[in-house]
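# Remarks on the overall topology
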Amino acid sequence: MPLTVAVLLSGNGSTLQNLLDRAASGALDVQVVCVVSSRAGVFGLERARRAGIPAITVPRKDYATPETFGEAIWSEVRKHSPGLVVLAGFMSLLPVPPDFRGRIINVHPALIPAFSGKGMYGQHVHEAVLAYGAKVSGATVHFVDEEYDRGPVILQSAVPVLEDDTPETLATRVQAEERDLYPKAIQLFAEGRLRIEDRRVRILPK
Ligand code: GAR
């Protein structure tokens, strides 16, 4: 039985597409059972519809607080009883309810804890890396808790920052890394091989 997954997104959905492609090729043992967007009209919703996956928008701007927004998101997600919730370019803070603790993961386009936290998302991250003058960046997959980008790290992979990089070229290099790293982490979860011990995530042997 494949692991059932809910995907939460806010934009283009290339992360979703990668997971759908990997699942279709048999490289990833998951079934995406629903897609929830925090923004209306984004291409990620269109990708879901094309794949025949139930997709719905819960607009962040319709809710006054993260708590009320979170309640609306979780009541949608619960309808599909996913085993795992995957954040795929989801740009809002989300309260973690007890029934999903340890079952939400995120990919961040930098090496956490560098260039992470509030305001550090998408292109802002790569701009900050270049402005700081860092020589490496990368991708991090981590469990999600109540703070931006703070939960225990599952996998990380580094890429070099090159002399002539722009935010766009660096983003492309980091996202290529994400394309392998995220499915790898999700497959480990699907195989029951991730164990959280305080801040450390142990990867159990097969
Ligand atoms: C991805 O690069 C992801 O790492 C980043 O947004 C992009 C989403 O692309 N996520 C964050 O910055 C989260 N803090 P997509 O909309 O095409 O999947």
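As a reminder, the structure under discussion sits directly above these lines.
No experiment lies behind these values; they were computed from the predicted model shown.

## Notes on the environment of Val77
Its place among the elements puts Val77 in helix H3 (residues 66-78). According to the relative accessible area criterion, Val77 is buried, its value standing at 0%. Spatially, the C-alpha atoms of Val77 and Gln156 are 27 Å apart, while their sequence positions differ by 79 residues. Aside from chain neighbours lying at most four places away, what touches Val77 is Ala6, Leu8, Val36, Pro82, Val85 and Phe100.

## Here's the deal with the packing of helix H1 (residues 14-25) against helix H2 (residues 43-50)
As a packed pair, H1 and H2 sit with axes 9 Å apart at the nearest point and diverge in direction by 20°. By the angle class used here, H1 and H2 are roughly parallel. The handedness of the crossing between H1 and H2 is left-handed. On H2, the residues touching Ser14, Leu16, Gln17 and Leu20 of H1 are Gly44, Arg47 and Ala48. Residues belonging to the contact of H1 with H2 are distributed by class as follows: three nonpolar, three polar and one charged.

## Observations concerning the site of the ligand
Inspection of the region around the ligand gives 15 residues, with Ser14, Thr15, Gly122, Gln175 and Glu178 positioned closest. His108 is positioned such that a nitrogen or oxygen atom in its side chain is 3.4 Å from a nitrogen atom of the ligand. For the ligand, an oxygen atom lies 3.0 Å from a polar atom in the side chain of Gln175. Coverage of the ligand by the protein chains reaches 92% of its 450 Å² of free accessible surface. Within the residue set of the shell around the ligand, elements represented by two or more residues are H1, strand S5 (104-108) and helix H5 (167-190).

## Considering the packing of aromatic side chains
Counted according to the given criterion, the structure contains five aromatic pairs. Between the aromatic rings of Tyr63 and Phe69, the centroid separation amounts to 6.0 Å while the plane-to-plane angle is 55°, which identifies the pairing as tilted. Judged by its relative accessible area of 28%, Tyr63 is partly exposed. Taking 6.2 Å as the distance between ring centres and 10° as the angle between the ring planes, the aromatic pair formed by Phe69 and Phe90 counts as stacked. A residue pair is termed long-range when its members are at least 10 positions apart, and Phe69 in helix H3 and Phe90 in the loop between strand S4 (84-87) and S5 qualify at 21 residues. By relative accessible area, which is 0% here, Phe69 ends up buried. An aromatic cluster of at least three residues, connected via ring pairs, comprises Tyr63, Phe69 and Phe90.

## With respect to the pattern of salt bridges
Any two side chains of opposite charge can pair, so long as their charged atoms come close to each other. Taken as a whole and judged by the stated rule, the model has ten salt bridges. Between Asp145 and Arg150 there is a salt bridge; the shortest N-O distance is 2.9 Å. With a shortest N-O distance of 2.9 Å, Arg193 and Glu191 are connected by a salt bridge. Via salt bridges that share partners, Arg195, Glu197 and Arg202 belong to a single interconnected network.

## What about the pairing of S4?
Side chains Leu84 and Val86 project from S4 onto one buried face, and the interleaved Val85 and Leu87 project onto a second face that is buried too. The sheet contact formed by strand S1 (residues 3-9) and S4 spans four bridges and is parallel. When the bridges of S4 are listed, Val7 appears paired with Val86. With three bridges joining them, S4 and S5 adopt parallel strand pairing. Opposite Val86, over in S5, you have Ile105 as the bridge partner.

Cut-offs and rules
Residues numbered from 1 in each chain as written. Predicted model: local features only at pLDDT ≥ 70, side-chain atom pairs only at ≥ 80, totals over all residues. Heavy atoms only, no water. Helix = DSSP H or I, 4+ residues; strand = E, 2+ residues; numbered from the N terminus. Buried < 20%, exposed > 50% of the residue type's maximum accessible area, 1.4 Å probe, protein only. Contact = heavy atoms within 4.5 Å. Axes fitted to C-alpha atoms, helices over the stretch in contact; angles between N-to-C directions. Parallel < 35°, antiparallel > 145°, perpendicular 65-115°, else oblique. Left-handed = near helix turned anticlockwise from the far one by under 90°. Nonpolar A, V, L, I, M, F, W, Y, C, P; charged D, E, K, R; others polar. Near = heavy atom within 4 Å. Polar contact = N/O pair within 3.5 Å; in protein donor to acceptor, adjacent residues only side chain to side chain. Areas by Shrake-Rupley, 256 points an atom, 1.4 Å probe, with all protein chains shown as cover. Phe/Tyr/Trp six-rings, centres within 6.5 Å; stacked < 30°, edge-to-face > 60°. Salt bridge = Lys/Arg side-chain N within 4 Å of Asp/Glu carboxyl O. Pairing = 2+ DSSP bridges.

Interpretation in functional terms is not warranted from these geometric data alone.
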